[in-house]
Amino acid sequence: MKLVIFDIDGTLVDSQHEITQAMNQGMSVAGLPEMEPARILSIVGLSLPVAVAQLLPGAGPDLHERVVAGYRESFIASRAAGALPPLYPGALECLDALASRDEVLLGIATGKPARGLAAILDAHGLTRRFITRQSADGHPSKPHPAMLESALSETGVPAARAVMVGDSTFDMEMARAAGVAGFGVGWGFCPVEELHAAGAHLIAPDYPALTRALLEWADE
């Protein structure tokens, strides 16, 4: 068997507006000024407490906790209002193509908490697609390899027969640390040159190109 593990934010779903809005809501709740979207998107992929600490390195834990709480409140309100970040064009077709291969298993590794991951997969009808779902709950933040190591352990697939698909340097660094190939995507939140520097084996410009690359990899 082979295993393809996907990141969520910036890879499968276009959640940049939701993330920047929630982070700036957290900043506002904590009495802080809003941040530029580019700065916020630079930490997407990290678990929320680690992301906030990186955005506010000079602040204390109490302030960090207030930002985290405001962020989570914004997300809960967004979901209650029925807001749902869309899948990127071609994402569903890519998953369909991979699912048609009996030898390919699908997984998730995301900085989202398990509850948030479950909600977004359920809303898009994707829950049954992924045999292993690794989240921020119970794991160190990316780029620590724990999520990938757990995915490999759960599926029984060796690292040499797995690939991590993601849009951030954290995804590529995590893949490298776990001995897994890292496939970068060019439509996410991280500059392509940074993905190259982080060790991406390739960078797909769009989902059709990613689908072709993954199917070719599956046939090797």
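Residues numbered from 1 in each chain as written. Predicted model: local features only at pLDDT ≥ 70, side-chain atom pairs only at ≥ 80, totals over all residues. Heavy atoms only, no water.

1. Focus: unusual backbone geometry
Consideration 1: The omega angle of the peptide bond from Lys-142 to Pro-143 is 10°, so this bond is cis rather than trans.
Consideration 2: The topology assignment puts Pro-143 in the loop between β3 (132–134) and α7 (146–155). (Helix = DSSP H or I, 4+ residues; strand = E, 2+ residues; numbered from the N terminus.)

2. A look at the pattern of salt bridges
Consideration 1: Evaluated as defined, the whole model comprises 7 salt bridges.
Consideration 2: With a closest N to O distance of 4.0 Å, Arg-101 and Glu-103 form a salt bridge.
Consideration 3: The class of Arg-101 is partly exposed, set by a relative accessible area of 23%.
Consideration 4: Residues Asp-219 and Arg-101 are paired through a salt bridge, measuring 2.5 Å at the closest nitrogen-oxygen approach. With Asp-219 in helix α10 (residues 207–219) and Arg-101 in the loop between α5 (91–99) and β2 (104–109), this pair connects stretches of sequence that are 118 residues apart.
Consideration 5: Judged by relative accessible area, Asp-219 falls into the exposed class, the value being 53%. (Salt bridge = Lys/Arg side-chain N within 4 Å of Asp/Glu carboxyl O. Buried < 20%, exposed > 50% of the residue type's maximum accessible area, 1.4 Å probe, protein only.)

3. Some words on the sheet that holds strand β5 (residues 181–185)
Consideration 1: Here 6 strands make up an open sheet; going across it, the order is β3-β2-β1-β4-β5-β6 and the pairing parallel. Looking at which strands have only one partner, the edges of the open sheet turn out to be β3 and β6 (202–204). Here the strands of the sheet are splayed against their neighbours by 25° on average, with no regard to which way each runs.
Consideration 2: Contacting β1 (2–6), β2, β3 and β4 (162–166), α7 crosses the sheet at an angle of about 160° to β3. (Pairing = 2+ DSSP bridges. Axes fitted to C-alpha atoms, helices over the stretch in contact; angles between N-to-C directions. Contact = heavy atoms within 4.5 Å.)

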